[in-house]
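So the chains spell out like this:
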Amino acid sequence: MNRSFLALVSAVGSLLLTACGGPGSGDDCDEPGSFICQEAVLALECRSGKWRQLPCRGPLGCRESDEAVRCDTSGNGPGDACAASAEGRGLCRQDGKAILECREGILVETASCTSCVVEDTEVSCQP
């Protein structure tokens, strides 16, 4: 056999083994409301018995500590998935010209404005 073919097979095998290390989107889970970081900009949430992808497009991405998983959603946009714990909550669109609200697990643009502001947990939109 050709050496380059063997090297390719070895490299592909290594990648496959690395990818099999943890759960993926759609895999079964048994701790509703739990989270893990799948990638630097992607979290998984256990929701309805399955792992579901949540983008973490903000500059801090997805990070794990002993206490919790943090997913920076400040860069997320309309149509992105959002966590069950964020249902009914809003955030400013990245350009500051609209409010996005988590509805049924998806971020939806609910208001447009000239300036969106977040104070504590309150999101407001200036017309």
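See above for the structure.
What counts as what
Residues numbered from 1 in each chain as written. Predicted model: local features only at pLDDT ≥ 70, side-chain atom pairs only at ≥ 80, totals over all residues. Heavy atoms only, no water. Helix = DSSP H or I, 4+ residues; strand = E, 2+ residues; numbered from the N terminus. Contact = heavy atoms within 4.5 Å. Buried < 20%, exposed > 50% of the residue type's maximum accessible area, 1.4 Å probe, protein only. Pairing = 2+ DSSP bridges. Disulfide = S-S within 2.5 Å.

Draft legend 1. Region of the structure containing the environment of cysteine 102. Looking at the element boundaries, cysteine 102 is found in strand β7 (residues 98–103). For the pair cysteine 102 and alanine 84, spaced 18 residues apart in the sequence, the C-alpha separation amounts to 8.5 Å. Residue contacts for cysteine 102: discarding those within four places in its chain leaves Cys82, Ala83, Ala86, Glu87, Gly88, Arg89 and Leu107.

Draft legend 2. Expanded view of the pairing of strand β2 (residues 42–47). Counting buried residues in β2 gives five out of six residues, a clear majority hidden from the surface. Pairing between strand β1 (residues 35–39) and β2: four bridges, direction antiparallel. Bridging from a neighbouring strand, cysteine 37 pairs with alanine 43 of β2. Linkage of β1 to β2, two consecutive antiparallel strands, is achieved through a turn of two residues. In the sheet, β2 pairs with strand β3 (residues 50–55) via six bridges, with the strands oriented antiparallel. By the bridge assignment, leucine 44 is partnered in β3 with glutamine 53. With antiparallel pairing between neighbouring strands as the criterion, β2 and β3 make up a hairpin whose turn holds two residues, including serine 48 at a positive phi of roughly 55°.

Draft legend 3. Structural context of the state of the cysteines. The tally for this structure, following the rule as stated, stands at six disulfides. Each disulfide pairs two cysteine sulfurs, and for cysteine 82 the partner residue is cysteine 102, the sulfurs being separated by 2.0 Å. Across the disulfide from cysteine 82 to cysteine 102, rotation about the S-S bond amounts to roughly 90°, and the bridge is consequently right-handed. One end of the pair, cysteine 82, is in the loop between β5 (69–71) and β6 (90–92); the other, cysteine 102, is in strand β7, with 20 residues separating them in the sequence. The residues cysteine 82 and cysteine 102 share a single accessibility class, namely buried. Paired through a disulfide, cysteine 113 and cysteine 125 show a sulfur-sulfur distance of 2.0 Å. Given an S-S torsion of about -95°, the disulfide between cysteine 113 and cysteine 125 has left-handed geometry. On the criterion of sequence distance, the pair formed by cysteine 113 in the loop between β8 (106–112) and β9 (115–119) and cysteine 125 in strand β10 (residues 122–126) is long-range, its members being twelve residues apart. The buried category is assigned to cysteine 113, whose relative accessible area is 11%. Each disulfide of the chain joins two cysteines, and with those cysteines numbered along the sequence the arrangement is 1-3, 2-5, 4-6, 7-9, 8-11, 10-12.

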